[in-house]
Every structure is written in structure tokens, then in C-alpha cells.
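Take a look at the letters that make up each chain.
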Amino acid sequence: MRSTSPGGHAADTDGLRAKRHAENFPVALKVLPGRLRSDLEAVYAVARTIDDLGDEADGDRTALLTQFGDELSAAFGGAEPADPVIRGLVPAIRAGRVEHEPFRRLIEANLQDQHVTRYRTYADLRAYCRLSADPVGRIVLRLFAVEDPEAEKLSDRVCTALQLLEHWQDVGEDHRNGRIYLPQEDLEAYGVTEDELGAAQASRRLRELMRFEIDRAAALLGSGAGLVGLVQGWGRLAVSGFIAGGLATVDALRDTNGDVLARYAKPGKADALAWLVWLQVGEPKTGRRSD
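The structure presented is a predicted model; accordingly, all values stated were derived computationally and were not measured.

What counts, and at which threshold
Residues numbered from 1 in each chain as written. Predicted model: local features only at pLDDT ≥ 70, side-chain atom pairs only at ≥ 80, totals over all residues. Heavy atoms only, no water. Helix = DSSP H or I, 4+ residues; strand = E, 2+ residues; numbered from the N terminus. Polar contact = N/O pair within 3.5 Å; in protein donor to acceptor, adjacent residues only side chain to side chain. Contact = heavy atoms within 4.5 Å. Expected span 1.5 Å × (residues − 1). Buried < 20%, exposed > 50% of the residue type's maximum accessible area, 1.4 Å probe, protein only. Arc of directions from axis to C-beta. Salt bridge = Lys/Arg side-chain N within 4 Å of Asp/Glu carboxyl O. Axes fitted to C-alpha atoms, helices over the stretch in contact; angles between N-to-C directions. Parallel < 35°, antiparallel > 145°, perpendicular 65-115°, else oblique. Nonpolar A, V, L, I, M, F, W, Y, C, P; charged D, E, K, R; others polar. Left-handed = near helix turned anticlockwise from the far one by under 90°.

Enquirer: What exactly am I supposed to notice about the side chain of Thr 256 here?
Expert: As for its position among the elements, Thr 256 is in the loop between α12 (233-255) and α13 (269-281). Here Leu 253 takes part through its backbone oxygen, which lies 2.6 Å from a polar atom of the side chain of Thr 256. Apart from the residues lying within four places of it in its own chain, the contact partners of Thr 256 are Arg 263 and Ala 265.

Enquirer: Explain helix α3 (residues 61-76) here, please?
Expert: Residues that lie three or four places apart on an α-helix share one face, since the helix turns once every 3.6 residues. A rise of 1.5 Å per residue sets the reference length of α3, with its 16 residues, at 22 Å; its end C-alpha atoms lie 22 Å apart and thus fit the reference within 8%. Buried within α3 we find Leu 64, Leu 65, Phe 68, Gly 69, Glu 71, Leu 72 and Ala 75. Down the axis, α3 shows its buried residues gathered within 165 degrees of arc, on one side only. Tucked inside the fold, the buried residues of α3 contact α2 (34-55), α4 (84-94) and α5 (100-113). Measuring from the backbone nitrogen of Thr 62 back to the side-chain oxygen at the start of α3 gives 3.1 Å, which picks out Asp 60 as the cap.

Enquirer: Looking at this model, I keep getting lost on the pattern of salt bridges. Mind explaining?
Expert: Opposite charge on two side chains permits pairing when their charged atoms draw close. Within this structure, the stated rule accounts for 21 salt bridges. A salt bridge links Glu 196 to Arg 205, with the shortest nitrogen-to-oxygen separation between them at 2.9 Å. The salt bridge involving Asp 215 is made with Arg 254; its shortest N-O contact spans 3.0 Å. Of this pair, Asp 215 sits in helix α11 (residues 204-224) while Arg 254 sits in helix α12; the two residues are 39 residues apart in sequence, bridging distant segments of the chain. Members of the salt-bridge network, linked through shared partners, are Arg 35, Asp 39 and Arg 97.

Enquirer: How should I be thinking about the packing of α2 against α3 in this particular structure?
Expert: Packed helix pairs are specified by the crossing angle of their axes together with the interaxial distance, meaning the distance between the axes. Here α2 crosses α3 at 160 degrees, and the two axes come no closer than 8 Å. Considering the angle they form, α2 stands roughly antiparallel to α3. Facing α2, whose interface residues are Val 46, Thr 49, Ile 50, Leu 53, Gly 54 and Asp 55, α3 presents Arg 61, Leu 64, Leu 65, Phe 68 and Leu 72. A class-by-class count of the residues in the contact of α2 with α3 yields seven nonpolar, two polar and two charged.

Enquirer: For this particular structure, what's the right way to read the packing of helix α7 (residues 134-143) against helix α8 (residues 149-169)?
Expert: Here α7 crosses α8 at 135 degrees, and the two axes come no closer than 8 Å. Considering the angle they form, α7 stands oblique to α8. In terms of crossing hand, the pair formed by α7 and α8 is right-handed. Residues Asp 134, Gly 137, Arg 138 and Leu 141 of α7 form the contact with α8, whose participating residues are Ala 151, Glu 152, Ser 155, Asp 156, Cys 159 and Thr 160.

Enquirer: Whenever I open this one, α12 confuses me. Can you help?
Expert: In this model, α12 (23 residues) spans 33 Å end to end at C-alpha, consistent with the 33 Å of a helix rising 1.5 Å per residue. Across the 23 residues that make up α12, a large majority, 18, are buried. Among the residues trailing α12, Asn 257 stands out with phi positive, at a value near 55 degrees.

This is a description of form; function is not addressed.
This is the structure:
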């Protein structure tokens, strides 16, 4: 983003494009029809801007998030937004392809980040993910006209798993920024202190903890992979792309053997593509592909 000042969020800067391409999953597969790609990219731009306001903005982040949220709410109410990022979402808003509530929850998650930096239990962390991650899946399902309670339930599992995997990639960075997403109960159970999260490499105890957390996130992702079978057409391909990115991230994290501090677990594009093909032609599964 070039600017985090009110009304100054560029809709498609080099920085935003770079973040889109750096995600673990493809935001908008190039084979998708133009309108769907535009909608997905517009949704990503808004969600990414909300995250950046909460994580990177100079000044009063709470005030900036509130102001952005107010302008977004006004756009859903029919007003013409000044912010270019929100203007990019207007076609989808006007056509009824997106709803306000999931975006409101994304704002709420980032407001929570301003004063909550630790989560006592795994259940507490999952509750946070219901605000920070699950709404994105609901937005995507809406774009593909999927209205199915079972699909929504599986989507929530996938999105929470993707969020957890991202947290496990960024344990060291989050610690440097004063945030710890590893549940306090798990740190205690494995005898890991917060100071260990700032080391150059993971201790034996931390590696054990991370292997546990990675496996738990992988199991959650696998429990939602049946979503692929509930979505048809372009939606099936897009959902497969998100899940494939998650499965490739699981592989990359497992390759670290739990030392997520010494080595950044970046999923390979070829690995994600292989998982995407598998999800299209085979039965969804979890774990590393067998040769």
C-alpha cells in the first residue's frame, strides 16, 4: 500500500499485487471468468486493506479501522465511497453478490487485534478465527451463489485452518510484533516460554509443539476438504485452489520439522498445483502426497 491515510488506499498498487501473489493460495485463478476474477480481487483488496490498517498503519489504527469500516458500511447503504479500494467492490455490492456482515466481522477482528495479543485456549483462538478467517469463505461462497449450510460449515473449517497455518508460518514475526497466537495452554503443556519464540531457531520443546499445531491444523483442513464436492463449476475450481494452497503449506511446514523460526515455510507453486489437480480428480485427503 502506498498510503494508510483515510481515503488514500490504492486499489491495485505494486505492493498490494505483491501481497496477493505471496498468499499461500491463489486469490483469483487466471482461468476464472473476468467478472469472478474482478470480484475476488476486489474482495481481497478490501480484506487486505483491513489487515494492513490493523497491522501496519501509522497513527491510531483503531480510528483508521473504524473510519474505513464506516465508509464500507455507507457503501453497502448505497453511498458512493471515496476510497478507491472500496470503490472497487461497488459493482459486487450493487449487484448483490456480496453482503455487509462478513466484512463487518473482518473489521471487528482487526479491532480486537489492537488490544488482544494472547489467546488462553485453542477454543479462544478458534473464536478469533471466526471473525478473522471464516467470513472470507462465506464471501467466496456468496460470489459463486452457494447457499448451503453444510458448505458453509465446511468452508469455516477450511478458512480457520488456513488462518492457523499462516500463524504457524509467522510465529517469530508475530512474536517480534508483540503477538502470540499459540494458545497459552499449549505453551504450558509443552513447557515452552514466550522468550523461546524470539530465538533464531526453535528449541526441542517448541519443535514438538509446532508439529502438534501443524498436524491439528492439517486435520481441520482435511475435515473441510469435502467442500470441494459440494461446489460446482468455477466455484469448485476456486475452492480447490484455496484448499490446495493450504495442503501445500502443510507440506512446507512439515518440512521444517517444527523449526518454524530458522526457516520460513513457503509452499511451492508446483506443490499447490499438484494438490489442485488431485482435488479435481481424486478424493480429498490430508497429509503429504504419496509417490
